[in-house]
Amino acid sequence: MEIREMKLADVFTVAELESGIFSDAWSVSACRGAIDNKNIFPFVACDEPGGKIIGYAFLMGAADEAEILRIAVAKEYRRMGVADALMEKMIRYGSDDGYCFFYLEVRAGNEPAVSLYQKWGFNPAGQRFDYYKNPPEDALIMEMALEE
Ligand SMILES: CC(C)(COP(=O)(O)OP(=O)(O)OC[C@H]1O[C@@H](n2cnc3c(N)ncnc32)[C@H](O)[C@@H]1OP(=O)(O)O)[C@@H](O)C(=O)NCCC(=O)NCCS
């Protein structure tokens with residue numbers, strides 16, 4: 001497996017994965033906008049160096065805080081450590097860039113994602129009621145501070 005920065009040419013594959021995974025999928029132009037945004041750091045996971053994209057993640061930084069906007073893995077490649085590798089990359093990249101506080105929002109009932117975030121040291125910090133649509137669901141806010 002290889003984790004690398006997302007390139008413009010990757011947006012079609014990433015948007016196609018998005019549409020199969022999320023009900024509020026990011027379009028090609030939304031993915032392109034994220035790549036063009038200097039505060040957003042997007043990564044892809046490939047099955048081998050230079051190979052097929054099997055997962056991706058978007059991290060957004062501001063001041064000393066970084067938000068995990070998105071992380072997803074193609075269904076047939078789940079439970080193989082791909083998300084772990086993306087989390088490791090984002091947290092290392094963020095910490096190298098001076099971000100010491102990480103946070104995110106996740107559907108409260110998304111057990112795989114909540115478990116992933118807990119594994120990486122994120123703790124529940126609040127809830128937004130009825131935050132998501134299609135289907136309606138609360139958002140759980142999770143955060144993690146890197147130790148000095
Ligand atoms: C959440 C998601 C990214 C996990 O990806 P993955 O590559 O399968 O995860 P990994 O194999 O790296 O597993 C890492 C950890 O995640 C958790 N996890 C992953 N899948 C899980 C599942 N089905 N049930 C419970 N925990 C799970 C575990 O803590 C796991 O650690 P462990 O293997 O030591 O138990 C993947 O299920 C996914 O793409 N879901 C749809 C998109 C999504 O909901 N993204 C999050 C919101 S943006």
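Scoring rules and cut-offs
Residues numbered from 1 in each chain as written. Predicted model: local features only at pLDDT ≥ 70, side-chain atom pairs only at ≥ 80, totals over all residues. Heavy atoms only, no water. Buried < 20%, exposed > 50% of the residue type's maximum accessible area, 1.4 Å probe, protein only. Helix = DSSP H or I, 4+ residues; strand = E, 2+ residues; numbered from the N terminus. Arc of directions from axis to C-beta. Contact = heavy atoms within 4.5 Å. Pairing = 2+ DSSP bridges. Axes fitted to C-alpha atoms, helices over the stretch in contact; angles between N-to-C directions. Near = heavy atom within 4 Å. Polar contact = N/O pair within 3.5 Å; in protein donor to acceptor, adjacent residues only side chain to side chain. Areas by Shrake-Rupley, 256 points an atom, 1.4 Å probe, with all protein chains shown as cover. Nonpolar A, V, L, I, M, F, W, Y, C, P; charged D, E, K, R; others polar. Parallel < 35°, antiparallel > 145°, perpendicular 65-115°, else oblique. Left-handed = near helix turned anticlockwise from the far one by under 90°.

**A short note on helix α4 (residues 111-119)**
Line of reasoning, step 1. Of all the positions in α4, only Ala 113, Val 114, Leu 116 and Tyr 117 are classed as buried. Buried residues along α4 cover an arc of 160° about the axis, so they all sit on one side. For α4, the exposed residues set more than 90 degrees away from the buried face come down to Glu 111, Pro 112 and Lys 119.
Line of reasoning, step 2. Looking at the buried residues of α4, the elements they touch are β4 (65-73), α3 (82-96), β5 (101-107) and β7 (137-145).
Line of reasoning, step 3. Looking at the residues trailing α4, positive phi occurs at Gly 121, about 90°.

**Structural notes on the sheet that holds strand β6 (residues 123-132)**
Line of reasoning, step 1. Reading across from one edge, β1-β2-β3-β4-β5-β7-β6 is the order of the seven strands in this open sheet, with mixed pairing throughout. Each edge of the open sheet carries a strand with a single partner, namely β1 (2-5) and β6. Between one strand axis and the next, the sheet turns by 25° as a mean value, whatever way the strands run.
Line of reasoning, step 2. With four bridges connecting them, β1 and strand β2 (residues 40-46) associate as antiparallel partners.

**Examining the site of the ligand**
Line of reasoning, step 1. The environment of the ligand is made up of 19 residues, and the closest members are Ile 71, Arg 79, Asn 110, Ser 115 and Lys 119.
Line of reasoning, step 2. Val 73 places a main-chain nitrogen or oxygen 2.8 Å from an oxygen atom of the ligand.
Line of reasoning, step 3. At 2.9 Å, a backbone N or O of Asp 84 approaches an oxygen atom of the ligand.
Line of reasoning, step 4. Considering the ligand on its own, with 920 Å² of exposed area, one finds that the protein chains cover 77% of that surface.
Line of reasoning, step 5. Per-element accounting of the shell around the ligand gives the leading share, six residues, to α4.
Line of reasoning, step 6. Class assignment for the residues of the shell around the ligand results in twelve nonpolar, three polar and four charged.

**Things to note about the packing of α3 against α4**
Line of reasoning, step 1. Between α3 and α4, the least distance of the axes is 11 Å, while the angle of their chain directions is 45°. By the criterion of interaxial angle, the relationship of α3 to α4 is oblique. Between α3 and α4 lies a crossing of right-handed hand. Contacts from Ala 83, Asp 84 and Met 87 of α3 reach α4 at Leu 116, Tyr 117 and Lys 119.
Line of reasoning, step 2. Class assignment for the residues of the contact of α3 with α4 results in four nonpolar, no polar and two charged.

**Notes on unusual backbone geometry**
Line of reasoning, step 1. Across the junction of Asn 134 and Pro 135, the peptide omega takes the value 0°, indicating a cis bond.
Line of reasoning, step 2. Residue position: Pro 135 is located in the loop between β6 and β7.
Line of reasoning, step 3. Its identity as a non-glycine residue notwithstanding, Arg 79 has a phi of 65°, on the positive side.
Line of reasoning, step 4. Exposure remark for Arg 79: the relative accessible area of 87% places this residue in the exposed category.
Line of reasoning, step 5. Located in the positive-phi region is Asp 130, a residue other than glycine, with phi close to 55°.
Line of reasoning, step 6. Looking at the secondary structure, you find Asp 130 in strand β6.

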